[in-house]
Every structure is written in C-alpha cells, then in structure tokens.
Amino acid sequence: MLKPLQFALAGCALAACTPASAPTAPDATWQDTLAEQGLAAAESQLAEGPQSAENDFLLGGIQFLRASEAIMQVRYQNSSTSLALLPGMRNSLPANPDAAFDPAFIETAMRQALVHLASAEASLTRAAAQDMAVEVPLHAIWFDVNSNGTRDEWESGLAVMADLNASPSEDFDGLIRFDSADVHWLKAYVHVMSGMAEMTLATDPTPAIRTVYESRREMDALGPVEGMFLDNETIDTIAAVLLTLRGTPDQSRTQAAHAHFKAMIRENQAFWSAVMEETDNEREWLPNPEQSSAFGVEVDAEMAAGWQAVLAEIEDVLNGDALVPYWRLQNDPNAETGVGVNVAKFLQDPGDMDIILWLHGAGAAPYLERGKLAHLDAWDRFARMTGGDGLMFAAWFN
C-alpha cells in the first residue's frame, strides 16, 4: 500500500537549470514530450496549446513539479544531503562527483522554486473556474536532476517514489484521473510549498551557512576535526540553523507565508467539499469514503471529518483566534482559555527568532496574549483514526 506521506513528498520533490530541449515533433503529444524531453519541454508545449481547464490544470501541475525539480537540481549541484524540513529536500540523491558547494544553495533553490510555484498558482486558478477531468501517466514524469537533458532511471517519478518507500498497488497501470476537486488539492500544495519557501527566505540562511562552512574549512586545514557526541555534519547543521534563527526575519516574506498558509486551508476545505460530492469511482487520486484510490488507500467518513476538525484548529491559529500555549506559563491542560502565543501576530510583525530568547520568553513576550487556547484534541483524534499514521495522511491530505 502507498505510504501517503512519502508519496506526497515525492510529488513535492522536482528547473530553472534545465538545458535547452530538442525541438518537439509537430505531432508529439504532451505525454510524449514529457516522457522523452522532460518537464521544461512539456511546459512549453502546454503553454502554447489551446486554452481549456484541462490544459491549465496540466500546465499548473507541470509548473508545480518544475519547482521541486529546481530544488533537486540545486541540491545535486551543491550537496545531496537530505534536509527534511525544507520542501523538495527530503529524498536521497546520488553523490555528484562534480558538486561545488555554494553557501547560498538553499536561497537559490527556494527563489527558483517560487518562480515556478507562482506560475503554477496562476494556471491552477484559471483551471479552478471550470469543470474538468484529465488522465495523467505518472510513468511519463521524470526530473532532470543532473541537468543533462537525458532521462536516467533514478530520475523517474516512480523511482523517486520507490526511494521514499512509496509503492502503488500491483495492478496500477500508471494512469491517474484528476478532476475539478483535485485542482483545489494541488493548489493547496502549491501554497504549502510557497509558504515554506517564503519562511525559509525570510530568515536569510546564506550568511549563517557561509560562516559555518568557511570556519569548518579553516579547522579542517589545521587537522582532523572531532565530532564528539555528534558527527561533524550534524554539528555544522545545528550551528547553521541556530545562527539563521538569530535576528528578525523579513516581514514581507513572513506576511507572504502567512497568506499562503491561509490559502492552503481554504483550498483544502474547497477540495474536501468538492470531493465529498463525487459519485464516480475512476482512477481516483484522493478518494472520498465511497471511492477507492488507484493506490489502494482507504479514506472513511470518520477520517475525512477528523481532518476537517484539524484544519479548523489550524485555521484558528492562523487567524489569531486561538493561541499556542507557551511552556513557561502555567495553563490548565483542560482549560479552554489561557495565555499563549499569537502566531498570526508574529507572522504579520515578526520579532527576533533567536532560540535563546524564545526559550527564555523574551522573544515570545510581544506575542503573548490571554484568550482561547489551541489544543491538539482534533489532531489526537485524527491520529487514532489513522492508526498512528496521522502525519502521513496529513501530508497527503494537505
């Protein structure tokens, strides 16, 4: 059975660095172009095609995949290290013998991804205005990670899925039928990735990475560097993260991230409203309780309702209607009201993110308020419904 989290992340794992493709044959379908020449060529062909809801959905999907392809290409050029908290950086990549590390690689990857994601959002907005249904051959998808214009076996979409321990049903023929409800699902994912990219750029990670990288090189030149209780790479990563969190993030980017996360909630709610009204059952991507997924994943009515409750809690936090409890202030675990952090206020007017200030409370103080508290009750119920696989279904559901 498909592991939903890994599959969702595989879909997020995809290129501004793609070399020029060979001219597309006049009679080539977009599926042929995608399989033979890759995402960039398929995007060009679809962009020049006739306008329709189906074409806009396909174009938005390809642009979404190109965002993740761009991230993987930058990783391959610099470092194949997995960075689980960043979009498109979780899956493993083979070592690149010609890699040349640039401390700005995360910034470069996120900036390139946002260009493609903005295009995807525009295309999917057009598609959402009309009814549509279209079949997509997953086996035709591949990511030109090494930017050589040639499809290598490890670059195929199905190979990426396998690398993340995601495998479809034995009788899966590679085709998925996407319809109008799925437009909202994909738009929600575009907003998730966009929000994460904006938050990453808001912290300006490049100076911190450069400091750690150059200092490590200086130490390596003097002799073997001991990792003590952790390996050297883990120590470097922790140091870079802690340095990155110092200071005030870019307000325009935290505000943009906030808007994307709120839009993700709206699109996800629109998806579930639409999918619950479907009566067909044909090659479904994410099914309602009366349908079955092409990947063998089952969603029952209780699970669907439970996820809506989770979304409602997240929406309250993003709107500032619910506060996140702060560890240094004693709140009754069962109390509906108390003192907590107003996350919406922070994202609109961010302060210093230094972890020491937040552990102490000085960083949190400007955002502490008394009011309704956010609890994990809905999430706990959802996790029980999914047999402990709450995180996996959450990533898949969006």
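Residues numbered from 1 in each chain as written. Predicted model: local features only at pLDDT ≥ 70, side-chain atom pairs only at ≥ 80, totals over all residues. Heavy atoms only, no water.

(A) The arrangement of the layout of surface pockets in detail. Estimates place the volume of the second largest pocket at around 200 Å³. Taken together, Glu-313, Asp-316, Ala-322, Pro-333, Asn-334, Ala-335, Glu-336, Lys-372, Leu-373, Ala-374, His-375 and Asp-377 make up the full set of residues lining the second largest pocket. Here the residues of the lining of the second largest pocket are counted per class, giving 5 nonpolar, 2 polar and 5 charged. (1 Å grid on protein atoms, 1.4 Å probe; cavity = no way out; pocket = protein on both sides within 12 Å on 5 of 7 lines; lining within 4 Å. Points joined across faces, edges and corners; volume = space filled by probe spheres on them. Nonpolar A, V, L, I, M, F, W, Y, C, P; charged D, E, K, R; others polar.)

(B) Structural detail: the environment of Ile-62. In this fold, Ile-62 is placed in helix H4 (residues 53–78). On the accessibility criterion, Ile-62 (5% relative accessible area) is buried. Sequence spacing of Ile-62 and Ser-119 is 57 residues, and the spatial spacing of their C-alpha atoms is 9.9 Å. Sequence-distant contacts of Ile-62, that is, excluding residues within four places in its chain, are made with Leu-34, Leu-39, Ala-42, Glu-43 and Leu-46. (Helix = DSSP H or I, 4+ residues; strand = E, 2+ residues; numbered from the N terminus. Buried < 20%, exposed > 50% of the residue type's maximum accessible area, 1.4 Å probe, protein only. Contact = heavy atoms within 4.5 Å.)

(C) Main features of the nonpolar core. Judged by nonpolar contacts, the single largest core of 72 residues is most densely connected at Phe-57, Phe-64 and Met-89. The element best represented in this core is H4, accounting for 12 residues. Among the nonpolar cores identified, the runner-up in size contains 9 residues, and Tyr-326, Leu-347, Met-353 and Ala-364 belong to it. (Core = buried A, V, L, I, M, F, W, Y, C linked by side-chain atoms within 4.5 Å.)

Function-wise, these values are silent; they only describe arrangement.
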